[in-house]
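Report on the structure
Single-letter residue listing:
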Amino acid sequence: QVQLVESGGGFVQPGGSLRLSCAASRINFSNYGMAWYRQAPGKQRELVATVTSGGNTNYVDSVKGRFTISRDNAKKTMYLQMNSLKPEDTAVYYCNAVWVHLTYWGQGIQVTVSS
């Protein structure tokens, strides 16, 4: 079955950086549009960044200039480089893959930004 496995989360102080990875298996990764979502306690899940199969990217306004989404089709892996992290970036981050009517989610990984 399809698996999306996130890694790279953890605890960081404000202003710090983290790099999330999402490793995919058992999908034709290069066909899929990929995205990162996040969900903070008591809030709805929100879309953070997307990267299309062609490599086009888009970001929610709150992370523009700080986060960079990318993908390596040969490694079947998507990344989210997060710089200048703020406490409001604290959330569980989820990897998402979409192609036509198919959509898959990772299990989520915690990112905590605190002093």
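Here, every reference points to the structure presented above.
Here is what the cut-offs are and how they apply
- Residues numbered from 1 in each chain as written.
- Predicted model: local features only at pLDDT ≥ 70, side-chain atom pairs only at ≥ 80, totals over all residues.
- Heavy atoms only, no water.
- Disulfide = S-S within 2.5 Å.
- Helix = DSSP H or I, 4+ residues; strand = E, 2+ residues; numbered from the N terminus.
- Buried < 20%, exposed > 50% of the residue type's maximum accessible area, 1.4 Å probe, protein only.
- Phe/Tyr/Trp six-rings, centres within 6.5 Å; stacked < 30°, edge-to-face > 60°.
- Lys NZ or Arg CZ within 6 Å of the ring centre and 35° of its normal.
- Pairing = 2+ DSSP bridges.
- Contact = heavy atoms within 4.5 Å.

Let's shift gears to the state of the cysteines. Evaluation of the coordinates by the stated rule reveals one disulfide. Each sulfur in the disulfide pair cysteine 22 and cysteine 95 lies 1.9 Å from the other. Across the S-S bond of cysteine 22 and cysteine 95 the torsion is about -65°, and the bridge reads as left-handed. Linking cysteine 22 in strand E3 (residues 18-25) with cysteine 95 in strand E9 (residues 91-99), this pair joins segments that are 73 residues apart in sequence. Here the two residues cysteine 22 and cysteine 95 agree in accessibility, since each one is buried.

Let's shift gears to the packing of aromatic side chains. Per the counting criterion, the structure on display carries four aromatic pairs. Judged by centre distance (6.5 Å) and plane angle (85°), the ring pair of tyrosine 94 and tryptophan 105 falls under edge-to-face. Residue tyrosine 94 is located in strand E9, and its partner tryptophan 105 is located in strand E10 (residues 102-105); the two are separated by 11 residues in the primary sequence. Sitting over the face of the ring of tyrosine 94, arginine 45 holds its NZ or CZ atom 3.7 Å from the ring centroid. The ring of tryptophan 105 is capped by arginine 45, whose NZ or CZ atom sits 4.7 Å from the centre of that ring.

To continue, consider the pairing of E10. With four bridges joining them, E9 and E10 adopt antiparallel strand pairing. By the bridge assignment, tryptophan 99 is partnered in E10 with leucine 102.

Before going further, it helps to examine the side chain of threonine 77. Along the chain, the position of threonine 77 falls in strand E8 (residues 77-82). The exposure class assigned to threonine 77 is buried, which follows from its relative accessible area of 9%. Among residues more than four places away in sequence, those in contact with threonine 77 are Ser21, Cys22, Ala23, Phe29, Arg71 and Asp72.

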